[in-house]
Each structure stands twice: as structure tokens, then as C-alpha cells.
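Structure at a glance
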Amino acid sequence: MATPTASQLKDEGNALFVKKDYPLAHDRYTEAIAIDGQNAVLYANRSACSFGMAKFMDAFTDAAKASTSGGATRLDPGYAKGWSRRASAHDALMEWSSCVDAWQKALDALPKTNLTPAELKQKEQYTASLKKAKERLEECLSTPAKVVVVNSNAGKLPWQVAEDMLPELRDAGPAGYTSSAWVIAGAYHDFAEGIQYMKQLKKTTTPAGYGIVGHTGGLTSITNGIMRDSRVFHIDSNDWIEKLNDQVALECQKHDAWATESLEVIKQEALQRQKKKGWNDVRPALAVTVRAWIMRTVIDCNLRGAPHVAIELAKQTLDLLYWGRQVWKNGSKDDRGAIFTDTFVRGVRVIYLEALMQMHSSNPGQNTKATLDTLLEEATDLLEETLKNKNSEPNEPVDPGFVSSFYIYPCGEARAMIAYYHLQVANSSGNPLEALWHCLKSSEQYTLAGMTFPEDDEQHCWYLNCALGCLISARARIEVLEMSAEPIRELLPKMQKIWGNSALAKQGRDKTIKKNLQVVDDELQLVKEGKKTKQDRIGSGDAFDW
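Predicted, not measured: the structure shown is a model, and the values here were computed from it. (Residues numbered from 1 in each chain as written. Predicted model: local features only at pLDDT ≥ 70, side-chain atom pairs only at ≥ 80, totals over all residues. Heavy atoms only, no water.)

**A look at the packing of helix 13 (residues 263–277) against helix 15 (residues 307–327)**
Contact geometry for helix 13 and helix 15: axes closest at 11 Å, N-to-C directions at 30 degrees. It follows from the interaxial angle that helix 13 and helix 15 lie roughly parallel. Two packed elements cross with a definite hand, and for helix 13 against helix 15 that hand is right-handed. Residues Leu263, Ile266, Lys267, Ala270 and Leu271 of helix 13 form the contact with helix 15, whose own contacting residues are Gln316, Asp319, Leu320, Trp323 and Val327. Here the contact of helix 13 with helix 15 is composed, by residue class, of 7 nonpolar, 1 polar and 2 charged. (Axes fitted to C-alpha atoms, helices over the stretch in contact; angles between N-to-C directions. Helix = DSSP H or I, 4+ residues; strand = E, 2+ residues; numbered from the N terminus. Parallel < 35°, antiparallel > 145°, perpendicular 65-115°, else oblique. Left-handed = near helix turned anticlockwise from the far one by under 90°. Contact = heavy atoms within 4.5 Å. Nonpolar A, V, L, I, M, F, W, Y, C, P; charged D, E, K, R; others polar.)

Okay, here's the thing in C-alpha cells:
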């Protein structure tokens, strides 16, 4: 059988694309590119496939950036559809300034006169899209950056309180190792070190243009801190993101990391570089690439309100890490680097779970079941993996906070995500018995989640409160509510010592806890007055007898 030509493969891809079989169409365009790597149309078409599969980073790469084989707008800067694909990718990634620029270039690439009917339709579409992109850019520019003020008048922040507690905890020996102070203090130490490096960067002018001079360990410290405890993440100035971008640019340039290449290209080039140049070349390049993705994930999820982008980046990060662990499974830790260790991967998985939950909570009507099912699957797998490896703690000396961050807290977060899943299913179920079962299951998992964390961590008290909320929704017996509320009352002062001024506290944590406790108190008052017994359920009317 004759080998198909690039044109034939493109036609097959086009037919599959019309049928919305994006994965297979993507494969056909890839095969065609292998034959004709200088054809801009093939890259633009493959970009459309990636877009259809919600792989927006890959869509952008094919549409806009030259890889080892090229990229659409590099191969043909006058190709209007290439620019439109690039603009669509920017739009999905919520990069409004670049989106405006790309739509304008798509319009500029069209003929000025004698347009065909198809070109007139393109012009109409590009004009409308450019207008929307400008509106989004204006809205973005008019919205102040989210800033956490470090020197808050409300009191010391958790990591500041924790740092003050460490001397006493050290003196207490093993009895003091379980405090959450170790976790947040260790996380802040790493995070603050990275920020210090970042703020020491200096821009210089050279004959070749401007350059950046500074320390190249900033990304490592910042991401280490976030993976120890994501609650440490905050920005304290309006130019914080700009400085972070400079830090990423410096480290990418220093270590020749991958900035815009697709995942598959990175894999191919990483293998080649490891064989030709060795670990000292490829190890820092991969580390910078992965850590830059982690920062983008955290920012998209926490600051930009783009959890769909965060999810894609987290999945891409995990894909690369799993791949590297497999192809270099016989490599030593010193050769491969920290990013391929169990603890690092576990830290990324927790960030991925947070992005999935953020995606569902911000868009509960958009692909709800798929997002929730993925959340449950990932959380269950993370819990099983962490419990399976709980006895494989690091051999080298580490602080107590490290062990908690990567061997205990992931279990708590995974259980909380499983609880969240059941609560959402309960809330959306039209079957009362099913809703009740999921509500009780959620309460059980929230209880397990809370008990996983140290008693002085706000998550312990908060998740027990979430469990209590589920019992209230399920109209549990008063005696059950009383037993569930008792540990929450005992934990409140312990929580306040470190976490009195946390982000969760500022979001109404204490008010929500007090509201649930008041429900219990009101029911107990009715018991005291003889109007109810502790065997009665809360509220009034019919309810399931469980």
C-alpha cells in the first residue's frame, strides 16, 4: 500500500474534524506535519483540534510559536486563519492583551479589497471577536489586582504567629511536632526566600537589549513554599506578577528551559538533551519549566479566576512528571532532580485537586458531572497512594512540617475533596434517599478529613464544622448534633491561636461555624424546655428516620 501524502492526511483530518473527532483528526494532522513540516495550514488545523479538546496551551503553541518543526504564524505571518487560531487560544487562556493583538493581526492579514464571500465572513467574525476582546481587556485593566497586605492591622498572619511558636515547640520535642505551626512556618520560610530573590532582580541595558540580573533559585523556593501549604501564597505589591515574570524569564534563559513549546516537543527534546548533554543540562531546564507551570496554575486559580486554564496546566505538569518518572525510572534522585520525587508529585496533585474544585464551584452548571467525577477519581487515588506510602518517609533529615505537608495533609485534602463530591451530589439529586445517603457520606468524609489535620490547624475545626453542616442538612437527631458540636467548641481557641487572621477567617469562617453551633444550641434549648428530646430530629415536619 502506498504511503499517504501530507495532502491526503490533511483531507482525512479535515473530514474527522467536521465529525468533531478531534483526537483522531489531531493524529492525522500530526502525521501530515511529519511529512510536510513547513505547512502553516497543518499547524493551524491541528491547533483547532487541540482547541476542540480544551488543550489551549497546545492550541496556542501550534498557532503561534515555532517548535522544532515550526508554527503557523512563524511559517506564514500573513496567514489570517493562523492568527485567528492564536487569538482563540489567547481568549481561552484569558490573555486579553495578546488576544486583542492577535485578532487585529488576523484582520490585517485579510485582503483590503475584493474580498471573497468566505473572506467577508471571516472579517465579520474577526471584527466581532476583536471588539469582545477589547471589552474584556478594558474590564481586566480596570479591576485592581488582588493584594494581601502583609502588615495587616487585624493582627499577625499565621506564619508570623507560627514562627514565634517554634522555639517552644522545639523544646517540647516529639510532642510538639504535630503542630500546624511547623507546616505554615516552613512553607513561609521557603516562599519568603523566593520572594526575596525575586525582588532583588535588576534590569540592565546591554547592546543586545535589556537583560535581567539576579538569583536563579527564586522559582524553586516559591513553589516549594506553595506546595508545602498553599495558604502561604499571597502578593504584596501591584508589580508582583511583573517581577515573577522577570524571575521566570531569567531562569528560563539561564537554563534554556521550555517557555512555549508543546508537551510532546518538550518530551522529545528532553530525551535528546539528556543523551547529548547529560543531566546537568536537562535537569534544571525541566525543573524551571515545571515550576513555571506550577506558578501559572496557582495564579490562574487564585488570582485570574481561570480554573479551566489551571486544570490544563496541572494536567500537563503531571503528564510530564509521570512520563519522566517512567522513561528515567532507573535514574537516581540526584540525577533526575526533586521534581520527579513522590513528594513533589504529591504536591502538584493537591494543587490539581484545588483547581478542579475551584472549577466546579465557579461553574457549577458547566460540565458538572465530568468535573466532579474527575475530582472524586483523583482524590481517591491520591488518598490511596499517600496511605500506601505513608511509611516511606524521607531518609534525610527534614523538619516536622515537611512530613506533615507531604505525608499527612494530602490525605486530609483528598478526604475533604471526596466529601465535597458527595455534598454536591446530594445537593443536585432529585431522589431524597440518594440525597440523604450522599449527605451522610459527606459528613463522614469531612469528619475524617478534619481529624487528619493537627488540632491547632484551622482545617481540623473547619472540616468538622462542614461535617456538622451536613448533619444539620440531613436533619440528624439532636444527640448526634450535640456530640458533633462538642469537639468544634473545644478546638475553636486552639485554631484561633495560629489561624485567627487567615484568608479563610476573612472569608467568614468563624461566622459560619457560630451559625451551625447556634442551630445546635437552639435545639438543645428546646430539649431543656421540655419541648423536645435528644432523640428527636432537628427542625419540624417529616424526615427520614436514620
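**Topic: the nonpolar core**
By size, the foremost hydrophobic cluster in this structure holds 129 residues, and its most contacted members are Phe233, Trp240, Leu244, Leu286, Met295 and Tyr446. Sorting elements by how many residues they give to this core places helix 19 (residues 400–428) first, with 16 residues. What leucine 286 contacts, discounting residues up to four positions off in sequence, is Trp258, Ile266, Ala270, Leu320, Trp328, Ile339 and Phe340. Among the nonpolar cores identified, the runner-up in size contains 13 residues, and Trp103, Ala106, Tyr126 and Leu130 belong to it. (Core = buried A, V, L, I, M, F, W, Y, C linked by side-chain atoms within 4.5 Å. Buried < 20%, exposed > 50% of the residue type's maximum accessible area, 1.4 Å probe, protein only.)

**So, the domain arrangement of the chain**
Taken as a whole, the chain is organised into domain 1 (6–143), domain 2 (341–428) and domain 3 (435–545). Here the C-alpha centre of domain 3 lies 52 Å away from the C-alpha centre of domain 1. (Domains from an automatic or database assignment.)

**Quick look at unusual backbone geometry**
What you tend to see is this: most non-glycine residues have negative phi, and most peptide bonds are trans. For methionine 94, which is not glycine, the phi torsion reads 60 degrees and is therefore positive. In this model, asparagine 114 sits at a positive phi of 50 degrees, which is unusual for a non-glycine residue. In this structure, asparagine 114 sits in the loop between helix 7 (96–108) and helix 8 (117–142). The exposure class of asparagine 114 is exposed, given its relative accessible area of 73%.

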